[in-house]
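# Working through the structure, step by step
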Amino acid sequence: MEVKKDTVIKRSSIAENILSQINTQTKLGELRKIAKDIKKDHELAMELWSSEEFLPRLLAILILDKKLLSEDVLDKLDKDMQTHTYDERNNLMDWLMANQLTKNKKNIALMNTWENSPSALQRRAFWYYQARLRWTGKTPTDNADLLSALEANITQEEPEVQWAMNFTAGWIGVYDEKNRARCIKIGEKTGLFKDEKVSKGCTPNYLPEFIRIEVNKRA
């Protein structure tokens with residue numbers, strides 16, 4: 001007797017057509033152009049997501065309906081991201097944060113609960129969002145509690161979360177003069193990114209250098 005395979009995913013012709021246009025040479029700008037034409041289509045987004053491929057998943061994120069991103073849906077997306085390489089899964093979560101999670105109060109509130117999430121990617125999103133608030137000028141005036149949590153946990157965090165925490169401390173140090181020395185000290189104490197090689201014209205992630213360079217840009 002033939003066994004029916006329920007695991008086979010059936011996609012619409014629209015999804016298959018879009019997937020046929022995407023390959024390893026596809027640029028992010030091209031994905032944004034496709035997304036602009038589609039606008040919002042949550043069902044299509046989930047079909048593209050089911051491809052398990054990196055670039056189609058980036059496109060899927062752009063056309064998701066943010067109102068349908070419940071905690072369960074986000075947990076599933078997070079779990080699916082774990083199948084990707086280190087850089088790809090970080091890019092997927094950062095893309096999701098920037099293009100969807102920051103777009104309404106419900107998702108921002110949910111993201112603000114992720115500081116102690118079991119998921120390293122969700123913790124990364126929490127800290128990256130804190131950094132984003134500051135570099136976009138929406139700087140909270142009280143950074144003391146956030147810095148205390150950062151100091152207590154940064155050395156034992158996963159690398160992807162460490163980067164986001166370090167980035168947050170960097171922007172606090174740039175815009176919050178009274179906590180600048182504290183942020184520089186975090187960098188000196190942890191030594192994170194001290195020996196990192198950066199391309200010409202790029203700001204290093206090592207906090208003392210990052211803060212000095214970015215403050216001088218704004219002097």
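Residues numbered from 1 in each chain as written. Predicted model: local features only at pLDDT ≥ 70, side-chain atom pairs only at ≥ 80, totals over all residues. Heavy atoms only, no water.

## Section: the packing of helix α2 (residues 28-38) against helix α4 (residues 54-63)
Applied cut-off: Fitted lines through C-alpha atoms serve as axes, helices being fitted only where they are in contact, and the angles separating the N-to-C directions of these axes extend from 0 to 180 degrees. For the purposes of this entry, the term helix denotes a DSSP run of H or I that reaches at least four residues, the term strand denotes a run of E that reaches at least two, and both are numbered from the N terminus. Throughout, the term roughly parallel applies to angles under 35 degrees, roughly antiparallel to angles over 145, roughly perpendicular to angles from 65 to 115, and oblique to all others. Left-handed is the label given to a crossing in which the near helix is rotated counterclockwise from the far helix by less than a right angle, and right-handed is the label when the rotation is clockwise. We call two residues in contact whenever any of their non-hydrogen atoms come within 4.5 Å of each other. Amino acid classes used here: Ala, Val, Leu, Ile, Met, Phe, Trp, Tyr, Cys and Pro are nonpolar; Asp, Glu, Lys and Arg are charged; the rest, including Gly, are polar.
Taken N-terminus to C-terminus, the directions of α2 and α4 make an angle of 40 degrees; their axes are 9 Å apart at the nearest point. One finds that α2 runs oblique with respect to α4. Relative to α4, the crossing made by α2 is right-handed. Contacts from L28, L31, R32, I34, A35 and I38 of α2 reach α4 at L55, L58, L59, L62 and I63. Classifying every residue of the contact of α2 with α4 by side-chain character gives 10 nonpolar, no polar and one charged.

## Structural notes on the environment of L62
Topologically, L62 is positioned in helix α4. With 17 residues separating them in the primary sequence, L62 and A45 have C-alpha atoms 8.1 Å apart. With near-sequence residues (within four places) excluded, L62 lies in contact with L31, R32, A35, K39, W95, N99 and Q100.

## Quick look at the side chain of D78
Heads up, the rule is: Accessibility here uses a 1.4 Å probe with only protein chains present; expressed as a share of the type maximum, an area under 20% marks a residue as buried, one over 50% as exposed, and anything in between as partly exposed. Neither His nor the chain ends contribute to the count of charged residues, in which Lys and Arg are positive and Asp and Glu negative. When a carboxyl oxygen of Asp or Glu is within 4 Å of a side-chain nitrogen of Lys or Arg, the pair counts as a salt bridge. Any pair of nitrogen or oxygen atoms within 3.5 Å is treated as a polar contact; in protein, a donor-acceptor pairing is required on top of that, and neighbouring residues in sequence qualify only through side-chain atoms on both sides.
You can see D78 is positioned in helix α5 (residues 71-81). No salt bridge is formed by the buried D78, whose closest oppositely charged neighbour, R89, lies at an N-O distance of 8.0 Å. A polar contact is formed between the side chain of D78 and the side chain of Q122, at a distance of 3.3 Å. For D78, the residues in contact, after removing those within four places along its chain, are M93, S119, L121 and Q122.

## Some thoughts on helix α8 (residues 120-135)
What counts, and what does not: Take the residue count of a helix, subtract one, and multiply by 1.5 Å to get its expected span.
Compared with an ideal rise of 1.5 Å per residue, which puts 16 residues at 22 Å, α8 spans 22 Å between its outermost C-alpha atoms and is within 8% of the ideal. Two or three places before L121, at the start of α8, stands the capping residue S119, its side-chain oxygen 3.2 Å from that residue's backbone nitrogen. A positive backbone phi angle near 90 degrees is found at G137, which sits one or two residues after α8.

## Let's talk about the environment of L48
Here L48 is to be found in helix α3 (residues 42-49). For L48, a relative accessible area of 0% corresponds to the buried category. Linking L48 and S199, residues 151 residues apart in sequence, is a C-alpha distance of 34 Å.

## Considering the packing of helix α6 (residues 86-99) against α8
Following both chains from N to C, one finds α6 and α8 inclined at 50 degrees, their axes separated by 10 Å at the closest point. The angle between the axes of α6 and α8 places the two elements in the oblique class. The handedness of the crossing between α6 and α8 is right-handed. Listed contacts from α8 to R89, N90, M93, D94, M97 and A98 of α6 are L121, Q122, R124, A125, Y128, Y129 and R132. Residues belonging to the contact of α6 with α8 are distributed by class as follows: seven nonpolar, two polar and four charged.

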